[in-house]
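A look at the structure
Okay, here's what each chain looks like letter by letter:
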Amino acid sequence: LVGRFKEREENVRLDVLACFTELLRVTLSAEGRHKGKDVGAQAKALLEEKVPMIITAATKQMGPKGSLKTKSAVFAMLRQLVQVTAGIGAITLQPHMDTIMPSVTSAMGDKSAALKLDGLSFLRLLMETHEPEVFQKSIDSLAPLVINCVNEEWYKIIAEAVRVVGTIVRVI
């Protein structure tokens, strides 16, 4: 399924991303229902093995050729991935931060308000679920972008940017 992220037809690509996002959501709920059983351990091991491939495929879709709809779907999938990895525990996205951060900074600097909002909400979730040390290297480039978002005109971006500022305080 991850290999299909690069589907040529955008509608199919969006359906694949939506399906994978739902699969991640179900993985989290299955982990919660089967705590301590083999099912949760199997799902955790499978997901841990696939995370590098998922991140690579997702960030390729976030490139300059990616459409706004695709980028938003990728951010939705990445938010679900962060929730699942935080819910399962022991799986962290820390080794992949160098791959993820350029997509986040690109989204926050984009002209599209929807993409800025997606980038901000993903960044906040990432900062809330990972140790502050993970962001020390990228905080110098993230802080000005978040402050620019605080000065935006759309109230939703401002509200989310203020929430991100609150999590940045914890990092600093």
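Here the structure is shown first, and the text comes after it.
Residues numbered from 1 in each chain as written. Predicted model: local features only at pLDDT ≥ 70, side-chain atom pairs only at ≥ 80, totals over all residues. Heavy atoms only, no water.

Quick look at the overall build of the protein chain now. Counting secondary structure elements, the protein chain contains seven helices and zero strands. Going residue by residue from the N terminus, the α and β elements of the protein chain occur as α-α-α-α-α-α-α. Looking at the protein chain as a whole, 44% of its 172 residues qualify as buried. Within the protein chain, residue pairs in contact and separated by at least 24 positions form 69% of the contacts whose partners lie at least 6 positions apart. Summed over its atoms, the accessible surface of the protein chain is roughly 9100 Å², and 55% of this surface lies on carbon and sulfur atoms. (Helix = DSSP H or I, 4+ residues; strand = E, 2+ residues; numbered from the N terminus. Buried < 20%, exposed > 50% of the residue type's maximum accessible area, 1.4 Å probe, protein only. Contact = heavy atoms within 4.5 Å. Areas by Shrake-Rupley, 256 points an atom, 1.4 Å probe, with all protein chains shown as cover.)

What follows is about the side chain of K116. Note on placement: K116 falls in helix α5 (residues 113-129). Non-local contacts of K116, meaning those with residues more than four positions away in its chain, are made with A107, M108, D110, C149, E152 and I157.

Attention shifts here to the nonpolar core. The biggest cluster of nonpolar side chains holds 47 residues, and the ones touching the most others in it are M77, L81, L93, L123 and L126. Among the elements of the structure, α1 (10-33), α2 (38-61), α3 (68-88), α4 (97-108), α5, α6 (139-150) and α7 (155-171) are those that each provide at least two residues to this core. With residues near it in sequence (within four places) discarded, L123 still touches M101, V104, M108, L142, V146 and V164. (Core = buried A, V, L, I, M, F, W, Y, C linked by side-chain atoms within 4.5 Å.)

The next point concerns the packing of aromatic side chains. Evaluation of the coordinates by the stated rule reveals two aromatic pairs. When the centroid spacing of 5.7 Å and the interplanar angle of 50° are considered together, the rings of F75 and F122 count as tilted. Linking F75 in helix α3 with F122 in helix α5, this pair joins segments that are 47 residues apart in sequence. For F75, a relative accessible area of 0% translates into the label buried. (Phe/Tyr/Trp six-rings, centres within 6.5 Å; stacked < 30°, edge-to-face > 60°.)

Turn by turn, an α-helix covers 3.6 residues, leaving residues three or four places apart pointing in a common direction. In a regular helix each residue adds 1.5 Å, so 17 residues correspond to 24 Å; α5 covers 24 Å between its end C-alpha atoms and thus fits that length. The complete set of buried residues in α5 reads L115, K116, D118, G119, L120, S121, F122, L123, L125, L126 and M127. N-cap assignment for α5: the residue whose side-chain oxygen lies 3.4 Å from the backbone N of A114 is S112. (Expected span 1.5 Å × (residues − 1). Polar contact = N/O pair within 3.5 Å; in protein donor to acceptor, adjacent residues only side chain to side chain.)

Following the criterion strictly, the structure yields seven salt bridges and no others. A salt bridge links E22 to R25, with the shortest nitrogen-to-oxygen separation between them at 2.3 Å. With E22 and R25 both in helix α1 and three residues apart, the pair spans about one turn of that helix. The class of E22 is partly exposed, set by a relative accessible area of 36%. (Salt bridge = Lys/Arg side-chain N within 4 Å of Asp/Glu carboxyl O.)

Between α5 and α7, the least distance of the axes is 9 Å, while the angle of their chain directions is 25°. Overall, the two elements α5 and α7 adopt an arrangement that is roughly parallel. Of the two possible hands of crossing, α5 and α7 adopt the one that is left-handed. On the side of α5, the interface is formed by A113, K116, L117, L120, S121, L123, R124, M127 and E128, while α7 contributes K156, I157, E160, A161, R163, V164, T167, I168, R170 and V171. Its residues assigned to classes, the contact of α5 with α7 shows ten nonpolar, two polar and seven charged. (Axes fitted to C-alpha atoms, helices over the stretch in contact; angles between N-to-C directions. Parallel < 35°, antiparallel > 145°, perpendicular 65-115°, else oblique. Left-handed = near helix turned anticlockwise from the far one by under 90°. Nonpolar A, V, L, I, M, F, W, Y, C, P; charged D, E, K, R; others polar.)

Along the polypeptide, A161 turns up in helix α7. On the basis of relative accessibility, which here comes to 0%, the residue A161 falls in the buried class. The sequence separation of A161 and L145 amounts to 16 residues, and the corresponding C-alpha distance is 9.3 Å. Apart from residues no more than four positions distant in its own chain, A161 is found in contact with L120, V146, C149 and V150.

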